[in-house]
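Residue-level structural notes
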Amino acid sequence: MKKYDYEKIKTKLSKHIKESRLRHTIGVQYTAASLAMRYADESNADELLEQAMIAGLLHDNAKCLSESELLEKSVKHGIEVTESERNNPFLLHGKLGAYYAVHRYGVEDEAVLGAITWHTTGHPDMTLLEKIVFVADYIEPGRTKQPNLNAVRKLAFEDIDKCVYVISDDTLNYLTGEKSCIDEMTVKTRDYYKGLL
Ligand code: DGI
Ligand code: FE
Ligand code: FE
């Protein structure tokens, strides 16, 4: 199992994201660590903890690029861009972030890269690590604007699948109000986790 030098990674990260985003990513790092402690089995606890910490810390490493840069760099690095992502390039910060995780931060673990890739929309039938990062991103202590945050935080530690449903449903309700274009994966995630209830 790979051990990461978190201080070195944070120093590098601070050259690519602004200070408030760095604080958020550290919030996600330790919230994801707490969820890993809650949901790991005896057999995978050490590995899941390390994966949650590194995925949490790096999940938004590409977040501070402009929309045109996100598109341009994604195309340059051979990342497949869907129509929805072309219309809303902010959605690419997960995929491009996974690319940088490999090429800038030395991550080789596909499970960690999946958690970074899918952290915004989620997807049906996520791995435990993917669910942990998806949920931690929404509930970390620096978040304030989401509805019913205290209840969602509690639910995260009681039933993570139900929590993924609540988060994706609240996100879709919010986006509908904002009249933002909704990626089909966000809907698929909500529908899949609704089906598990
Ligand atoms: O990068 P963060 O702000 O930490 O968090 P994130 O990557 O989960 O992004 C959160 C935003 O993403 C939130 O405002 C909801 C939005 N979002 C999630 N799914 C979709 C979406 N936005 C659009 N336009 N379409 C989606 O399907
Ligand atoms: Fe993000
Ligand atoms: Fe985030």
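Above this text you will find the structure in question.
Below is a short write-up of the structure. The shown structure was predicted, so the numbers you read here are calculated from the model rather than taken from an experiment.

1. So, the side chain of Ser-168
- Along the chain, the position of Ser-168 falls in helix α10 (residues 160–178).
- There is a polar contact of 2.8 Å between the side chain of Ser-168 and the backbone oxygen of Val-164.

2. Quick word on unusual backbone geometry
- With a phi close to 55 degrees, Asp-125 is a non-glycine residue in the positive phi region.
- When you line up the elements, Asp-125 lands in the loop between α7 (110–117) and α8 (128–139).
- Judged by relative accessible area, Asp-125 falls into the exposed class, the value being 53%.

3. Things to note about the coordination of the iron ion (ligand 2)
- The protein atoms that coordinate the iron ion (ligand 2) are Asp-60 (OD), His-93 (NE2) and His-119 (NE2), at distances spanning 2.1 Å.
- Along the chain, the residues that donate to the iron ion (ligand 2) are spaced as D-x32-H-x25-H.
- The iron ion (ligand 3) is placed at 3.6 Å from the iron ion (ligand 2), the two being bridged by Asp-60. With a gap of 59 residues between them, Asp-60 in the loop between α3 (45–58) and α4 (67–76) and His-119 in the loop between α7 and α8 connect regions that are remote in the sequence.
- According to the relative accessible area criterion, Asp-60 is buried, its value standing at 2%.

4. Regarding the pattern of salt bridges
- What the rule picks out here adds up to eleven salt bridges.
- One salt bridge in this structure joins Asp-161 and Lys-131, with 2.8 Å as the shortest N-O distance. One end of the pair, Asp-161, is in helix α10; the other, Lys-131, is in helix α8, and 30 residues separate them in sequence.
- The class of Lys-131 is buried, set by a relative accessible area of 11%.
- By sharing partners, the salt bridges in this structure join Asp-169, Arg-190 and Asp-191 into a single network.

How each quantity is defined
Each chain carries its own residue numbering, running from 1 in the direction its sequence is written. Chains carry letters and ligands carry numbers; both start at the beginning, A for chains and 1 for ligands, and go up in the order they are written. Totals for whole chains, interfaces and linings use all residues, but because this is a predicted model, local features are given only for residues with pLDDT of at least 70 and pairs of side-chain atoms are given and counted only at 80 or more. Hydrogens are left out, water is left out, and the side-chain values use all remaining heavy atoms of the structure. Each helix is a run of DSSP H or I of at least 4 residues and each strand a run of E of at least 2, with the numbering of both proceeding from the N terminus. The term polar contact refers here to a pair of N or O atoms within 3.5 Å; inside protein, the definition further demands a hydrogen-donor-capable atom paired with an acceptor-capable atom, and it admits residues adjacent in sequence only when both atoms are side-chain atoms. Each residue is placed in one exposure class: buried if its accessible area under a 1.4 Å probe, protein chains only, is under 20% of its type's maximum, exposed if it is over 50%, and partly exposed if it falls in between. Only nitrogen, oxygen and sulfur atoms count as donors, using a 2.8 Å cut-off from the metal that widens to 3.2 Å for Na, K and Ca. Water is left out, so coordination shells may look unfilled. Salt bridges are identified by distance alone: a Lys or Arg side-chain nitrogen within 4 Å of an Asp or Glu carboxyl oxygen.

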